[in-house]
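Chain residues, written in single-letter form:
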Amino acid sequence: MSSTAYLKQNLLAMQLREVAIKDLLMLEIPTDDIYTYKDGEFFVCISQGSAIKKETLKDLLRQKVKNIFVHSPDYNIIKERLKNELLRVTRSLSVGNPIENSKRQVQLLSQNMTELYKDPLNDENLKLQYQCTVNLSKFLVEHRNVLTDVYADLVHGNHHFTISQPMLTSLLVVGFLQHFHLFHEKDIEMLFITSYFKDLGMSFIPDEQLNKKDLDKKERKIISKHADNSISLLEGRVPLSRNYLNIIKNHHFLNHKIQATYQDNGPAPANKVLHGLETEVVAVMDVIVEMISDRPYREGRSLFK
Ligand SMILES: [Fe+2]
């Protein structure tokens, strides 16, 4: 690579911002070139001024393009339009087809959640996420017949697993609790919201670490702290009471028990903390979603297995 090309690449690294492929639909016509990153270099994959259509995105996926980078002005347009579209869909959830509306809202929430993971201290975005999730929880509790379709649509949504995992768990929690008529509707709504925000602390962990199969002890310890980090990020910023924050704090108690059993070659230690049924439901649904979902380092198992 010539020195000029080298400098250009370094300049691009400082100027570009990463977005998801599906975010590009919000842009329609880019004001600057759009890049992908391969073998240590940025390449133009969509030229400035070209109309972006669904077919454009399908082409990128066919070429197995994974990383997309845009200049700041286009990035800001995408994020603003994404927020406005999320608000519009949230406000009109009850108008039209309930399945299509809730699928769309969950996809937009997940796209927007990616932004919150990049900047978890952004109060405006956290408030938007919370308000939209409250609306969605009420809608899903009233329309339980949409849960299966929404779940399947999100699985195929190409979101990072840290984004899809909490929402998939929330969908299972609603389905499970409604099936057994164990809780009042308001409680189910609150558990949906609690489960959705429980992994926000994952935003402190770099992708490279999350995508690794074999983590060392130190890396495992950092990941195991994500529930505490979620509490630090949420406490005082969202209207979740202490009971719900405690569910978030303890949502991996089951994993810790299982790990203790295998690592020590002996029985799991007795519980020092009593966990309520709500915590157990969220924890078990979270484990089920984790086992049946694909990860960068392994394929998900079938529910039967
Ligand atoms: Fe978690």
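Keep in mind the model is a prediction, meaning the values are calculated, not measured. (Residues numbered from 1 in each chain as written. Predicted model: local features only at pLDDT ≥ 70, side-chain atom pairs only at ≥ 80, totals over all residues.)

Focus: the overall build of the protein
Then step 1. What the protein contains, in helices and strands, is 14 helices and four strands.
Then step 2. Radius of gyration (C-alpha) of the protein: 21 Å, near the 19 Å computed for a compact globule of 305 residues.
Then step 3. With the principal axes as the frame, the protein shows a C-alpha extent of 65 × 50 × 40 Å.
Then step 4. Taken across its 305 residues, the protein has 30% of its residues classed as buried.
Then step 5. Expressed as a percentage of contacts within the protein between residues at least 6 apart in sequence, the contacts between residues at least 24 apart total 69%. (Helix = DSSP H or I, 4+ residues; strand = E, 2+ residues; numbered from the N terminus. Rg over C-alpha atoms; globule rule 2.2 N^0.38 Å. Buried ≥ 20, exposed ≤ 12 C-beta atoms within 10 Å, placed from the backbone. Contact = placed C-beta atoms within 7 Å.)

Focus: the sheet that holds strand β4 (residues 68–71)
Then step 1. Ordered by their spatial adjacency, four strands build an open sheet running β1-β4-β2-β3, and the pairing between neighbours is antiparallel. Of all the strands in the sheet, just β1 (16–19) and β3 (41–46) have a single pairing partner and so form its edges. Taken over all neighbouring pairs, the strand axes of this sheet differ in orientation by 40° on average, direction set aside.
Then step 2. Taken strand by strand, helix α3 (residues 72–91) contacts β1 and β4, and its axis lies near 105° from that of β4. (Pairing = 2+ DSSP bridges. Axes fitted to C-alpha atoms, helices over the stretch in contact; angles between N-to-C directions.)

Concerning the environment of Q48
Then step 1. Structurally, the position occupied by Q48 is in the loop between β3 and α2 (54–62).
Then step 2. Of the residues examined, Q48 has 13 C-beta atoms within 10 Å and is grouped as partly exposed.
Then step 3. As for Q48 and I34, which are separated by 14 residues in sequence, their C-alpha atoms are 7.1 Å apart.
Then step 4. Excluding anything up to four places from it in sequence, Q48 contacts P30, T31, D32 and D33.

Observations concerning the pairing of β4
Then step 1. Both β1 and β4 contribute to a ladder of four bridges, which runs antiparallel. Bridge pairing in β4 places E18 opposite F69.
Then step 2. In terms of strand pairing, strand β2 (residues 34–38) meets β4 through two bridges, oriented antiparallel. By the bridge assignment, T36 is partnered in β4 with I68.

Comments concerning the environment of G40
Then step 1. Structurally, G40 is set in the loop between β2 and β3.
Then step 2. The class of G40 is exposed, set by 7 C-beta atoms lying within 10 Å.
Then step 3. On a C-alpha basis, the gap between G40 and Q9 in space is 9.2 Å, while along the polypeptide they are 31 residues apart.

Notes on unusual backbone geometry
Then step 1. Unusually for a residue other than glycine, E28 sits at a positive phi of about 65°.
Then step 2. Within the element layout of this structure, E28 appears in the loop between β1 and β2.
Then step 3. Overall, E28 belongs to the exposed group, with 12 C-beta atoms counted inside 10 Å.

Brief notes about the domain arrangement of the protein
Then step 1. One can read the domain layout of the protein as domain 1 (1–71) and domain 2 (92–292).
Then step 2. If you average the C-alpha positions of domain 1 and of domain 2, the two centres end up 31 Å apart. (Domains from an automatic or database assignment.)

What to know about the packing of helix α5 (residues 123–142) against helix α8 (residues 185–197)
Then step 1. Put simply, α5 and α8 touch, their axes get as near as 9 Å, and they point 130° apart. If you check the angle between α5 and α8, you find them oblique. Regarding α5 and α8, the two cross each other, and that crossing is right-handed. Residues T133, V134, S137, K138, L140 and V141 of α5 form the contact with α8, whose participating residues are E185, I188, E189, F192, I193 and Y196.
Then step 2. Among the residues forming the contact of α5 with α8, the class breakdown is seven nonpolar, two polar and three charged. (Parallel < 35°, antiparallel > 145°, perpendicular 65-115°, else oblique. Left-handed = near helix turned anticlockwise from the far one by under 90°. Nonpolar A, V, L, I, M, F, W, Y, C, P; charged D, E, K, R; others polar.)

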